[in-house]
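# Notes for the structure review
What follows is each chain in one-letter form.
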Amino acid sequence: MNTMTAAPSPFSPADRPQLGLRERKKIKTREAIRTATYALVKEQGYDATTIEQIAERAEVSPSTVFRYFPTKEDIVLTDEFDPIIMEELRARPTDEPWANTLRYVLQKAITYGMKEDEEISRLRTHLMVQVPAVRSRMMESMSVTGDMLCQAIAERTGRDPESLEVRVSAMALIGALMETSLYWAEHGHRDEFKDLVDRTLNVLEHGLSEE
């Protein structure tokens, strides 16, 4: 349906539908596990942090931790943003240029994420640089995000989500954003992340400019 008015932002909790008790409990448990993990990592480092310690700090069993997060790396990398970003992409006007849609949604997601906890964003990207297992798991998880993005691109363009062009477009964006995160951490987080993402989108849209 072509509309010039975007739906209410999924990034605004007040506008999102009320979740059931079971789903709220799941989110609360995931957040408790993540909070415990980040606290322990800051206290004693990533390698020294065990699933048993995380479970004790989060007041759950180790089996519960594994039920929500198959690996320790998943605890660090997983968040609730991918589905929300997909909702926001679909909520944009269908006649808006795709590049403009991406820029709007990503900048909005970054602003919201940093407002929630910039320290966690810095720690996460630091671990991506410093811990090979975290970086490797990030690479593995890219395919899941890629599939969702392919669907969003296909819906907007009318193309087959399995087409080469759609898959290349989706994975180019995901790979570029991962490199942006690594660059941010490698350079001491001194730049504003949203400014780096803006530069990244410029490269994807226009290629390398002449120096």
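What counts and how
Residues numbered from 1 in each chain as written. Predicted model: local features only at pLDDT ≥ 70, side-chain atom pairs only at ≥ 80, totals over all residues. Heavy atoms only, no water. Helix = DSSP H or I, 4+ residues; strand = E, 2+ residues; numbered from the N terminus. Contact = heavy atoms within 4.5 Å. Core = buried A, V, L, I, M, F, W, Y, C linked by side-chain atoms within 4.5 Å. Buried < 20%, exposed > 50% of the residue type's maximum accessible area, 1.4 Å probe, protein only. Phe/Tyr/Trp six-rings, centres within 6.5 Å; stacked < 30°, edge-to-face > 60°. Lys NZ or Arg CZ within 6 Å of the ring centre and 35° of its normal. pLDDT = per-residue confidence, 0-100. 1 Å grid on protein atoms, 1.4 Å probe; cavity = no way out; pocket = protein on both sides within 12 Å on 5 of 7 lines; lining within 4 Å. Points joined across faces, edges and corners; volume = space filled by probe spheres on them. Nonpolar A, V, L, I, M, F, W, Y, C, P; charged D, E, K, R; others polar.

### Comments concerning the environment of Pro161
- Along the chain, the position of Pro161 falls in the loop between α7 (132-157) and α8 (164-186).
- Placed 13 residues apart in sequence, Pro161 and Met148 show a C-alpha to C-alpha distance of 9.4 Å.
- When sequence neighbours within four positions are dropped, the list of residues in contact with Pro161 reads Cys150, Gln151, Ala154, Val166 and Arg167.

### Points about the nonpolar core
- Within the largest apolar cluster, 37 residues are counted, with the highest numbers of intra-cluster contacts made by Tyr46, Leu89, Leu127, Val134 and Leu149.
- For this core, the leading source of residues is helix α6 (residues 98-130), giving 11 residues.
- Filtering out sequence-adjacent residues up to four positions away, Leu149 remains in contact with Met86, Leu89, Trp98, Ala170, Leu173 and Ile174.
- Grouped together as the second largest cluster of nonpolar side chains are 10 residues, Ile51, Ile54, Ala55 and Phe69 included.

### Topic: the packing of aromatic side chains
- Tallied over the full model, the rule gives one aromatic pair.
- Ring geometry for Trp184 and Phe193: centres 4.9 Å apart, planes at 40°, overall tilted.
- What makes Phe193 buried here is its relative accessible area of 13%.
- Sitting over the ring of Tyr46, Lys72 keeps its end group 4.2 Å from the ring centre.
- The ring of Tyr104 has Arg92 lying over it, and the distance from NZ or CZ to the ring centre is 3.8 Å.

### Concerning the confidence of the model for the protein chain
- On average, residues of the protein chain carry a pLDDT of 86, and 88% of them reach 70 or more.
- When pLDDT is averaged over each element of the protein chain, helix α2 (residues 51-58) comes out on top at 97 and helix α5 (residues 81-91) at the bottom at 82.
- Contacts for the low-pLDDT stretch residues 1-17, under 50 throughout, to residues beyond four places or in other chains number 30 contacts.

### Quick notes on the layout of surface pockets
- By volume, the second largest pocket amounts to about 250 Å³.
- Ala176, Thr180, Tyr183, Leu196, Arg199, Thr200, Asn202, Val203 and Leu204 are the residues that line the second largest pocket.
- Those elements giving two or more residues to the lining of the second largest pocket turn out to be α8 and α9 (193-206).
- By residue number, the principal contributor to the lining of the second largest pocket is α9, which donates six residues.
- A class-by-class count of the residues in the lining of the second largest pocket yields five nonpolar, three polar and one charged.

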